[in-house]
Amino acid sequence: MSEQPATDLRSPQDSVALDWSAVRAHLAKHGLRLDTDPPPRQFAGGLANLNYLIHLDGKPAVLRRPPMGELPAGAYDMAREFRILSRLPDALPFIARGLHLCDDPSVIGQRFQIIEYRPGLVIREHLPPHLAHRPEIGARLSQVLLETIAAIHAVDTKAIGLDDLGRPDGFLARGVSGWRKRGLAAKEDGTDALHHDVGAWLETHLVPDGKPSLLHNDFKLNNIILDPETFAPRAVVDWDQGTRGDPLFDFATLLSYWIHADDPWAMHDMEQMPAVEACLCPRQEAVATYARITGRDMSDFLFHRVLAMYKLSVIFLQLGLRYRSGVTQEPRYAPLTAIGTGILEFTHEIAQGRAF
């Protein structure tokens, strides 16, 4: 197994420090050895959970913990993610298996887990130069994204002991009320009317829950580790929001990152998925392809689209609030409030039928 390229790892001075002696002592109690040569290194990318390349018993692995500071209730749930990762590989080969859960937050300040390491290509904010603007790459990546999320939604959760995961009954209604509450708590001054209008639209247009399936809840290109040659998925990562519920909401979450060249500035500045650079298919085509693969009825999809977009705007507002309130001084957080409000404005346009 090849090592992670140095370009995908932060320099030691730019990494968030952990108490590695405490980690080593904890693992030793469980018969595991944390190696110090090479030393742990934090992965680049991401604004939330912290991920480190470590060596456990002589083999590479990933240590994963929540971000620093106070966390929103129910977010960054390491125990839930570990439960999924310890079982889901039995159904899907492109899931890296969970190896160990530290359920004691006193060790490093939060619970953490250790996950199997899968090397490969990770496409983050921008497409690698050697792949840029090649239409055949865009068609292949579009296919991989849509087939992979469809495969996740097709998992028999009962067969792998995850049929009690989450609360699928009332999933969409709770999503509307929960994201409305979070949105108002994280809103930018002067945006009350926008939040009210989008929230009222969601309540008015609430649709029944679809048949529940396994949801990733943040599925996008940078959460897939790809084979560098075939672009087949080697791993789907970041399962801390995993649950069971309406699969159309999960698909709509993917689509919320699927930008078009003529989308508003905020959709480009969020830099979550390089859909334009990668020449991904149009959003409408993605909807039709997902419907064809899964056989699902997409007639109520506008509701899921608006809810997922509102969720995205609130997540950026929550991250921006961490900067506004002084929880973090990380410069990357500084523009996130404005981006969140810009996404909210676009969400309002989608709800009113002036965009998709």
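Now for a quick tour of the structure. (Residues numbered from 1 in each chain as written. Predicted model: local features only at pLDDT ≥ 70, side-chain atom pairs only at ≥ 80, totals over all residues. Heavy atoms only, no water.)

The next point concerns the sheet that holds strand S1 (residues 41-42). Read across the sheet, five strands follow the order S1-S2-S3-S5-S4 without closing on themselves; strand pairing throughout is antiparallel. Both edges of this open sheet fall to S1 and strand S4 (98-102), since each of them pairs with a single strand only. By the bridge criterion, two bridges tie S1 to strand S2 (residues 50-56) in an arrangement that is antiparallel. Bridge pairing in S2 places Arg41 opposite Leu53. This element, helix H2 (residues 78-85), spans strand S3 (59-65), S4 and strand S5 (112-116) of the sheet and lies at about 155° to S4. (Pairing = 2+ DSSP bridges. Helix = DSSP H or I, 4+ residues; strand = E, 2+ residues; numbered from the N terminus. Contact = heavy atoms within 4.5 Å. Axes fitted to C-alpha atoms, helices over the stretch in contact; angles between N-to-C directions.)

Attention now goes to the packing of aromatic side chains. Within this structure, the stated rule accounts for four aromatic pairs. Ring centres of Phe251 and Phe301 lie 5.5 Å apart, and the angle between their planes is 40°; on these two criteria the pair is classed as tilted. Placement of the pair is Phe251 in helix H6 (residues 247-256) and Phe301 in helix H9 (residues 301-324), with a sequence separation of 50 residues. We note that Phe251, like Phe301, is buried. One aromatic cluster is present, formed by Phe251, Tyr290 and Phe301 through successive ring pairs. Taking the ring centre of Tyr257 as reference, the NZ or CZ of Lys220 above it sits at 4.8 Å. (Phe/Tyr/Trp six-rings, centres within 6.5 Å; stacked < 30°, edge-to-face > 60°. Buried < 20%, exposed > 50% of the residue type's maximum accessible area, 1.4 Å probe, protein only. Lys NZ or Arg CZ within 6 Å of the ring centre and 35° of its normal.)

A full pass over the atoms with the stated rule returns 17 salt bridges. Arg83 is the partner of Asp164 in a salt bridge, and the nearest nitrogen-oxygen pair spans 2.5 Å. Of the two residues, Asp164 sits in the loop between helix H3 (135-153) and helix H4 (171-186) while Arg83 sits in helix H2, which places them 81 residues apart along the sequence. For Asp164, a relative accessible area of 51% corresponds to the exposed category. (Salt bridge = Lys/Arg side-chain N within 4 Å of Asp/Glu carboxyl O.)

Take the side chain of Gln113 next. Mapped onto the elements, Gln113 comes out in strand S5. Among the polar contacts made by the side chain of Gln113, one reaches the side chain of Glu81 at a distance of 2.7 Å. (Polar contact = N/O pair within 3.5 Å; in protein donor to acceptor, adjacent residues only side chain to side chain.)

Inspection of the secondary structure assignment puts Arg65 in strand S3. We note that Arg65 is buried and unpaired, the nearest opposite charge coming from Asp19 at a distance of 10 Å. In terms of polar contacts, Arg65 uses its side chain to reach the backbone carbonyl oxygen of Ile108, at 3.3 Å. (Lys, Arg positive; Asp, Glu negative; His and termini not counted.)

Most of S3 is tucked away, with six of its seven residues classed as buried. Alignment of S2 against S3, held across seven bridges, turns out to be antiparallel. In the strand pairing of S3, Leu53 is matched with Val62. Following S2, the chain reverses through two residues before pairing antiparallel with S3; Asp57 in that reversal takes a positive phi of roughly 55°. The sheet contact formed by S3 and S5 spans four bridges and is antiparallel. Paired with Val62 across the strands is Ile115, a residue of S5.

Considering all chains together, one arrives at zero disulfides under this definition. Here Cys279 stays free of any disulfide, with the sulfur of Cys281 as its closest cysteine sulfur at 11 Å. By relative accessible area, Cys281 is classed as buried at 11%. (Disulfide = S-S within 2.5 Å.)

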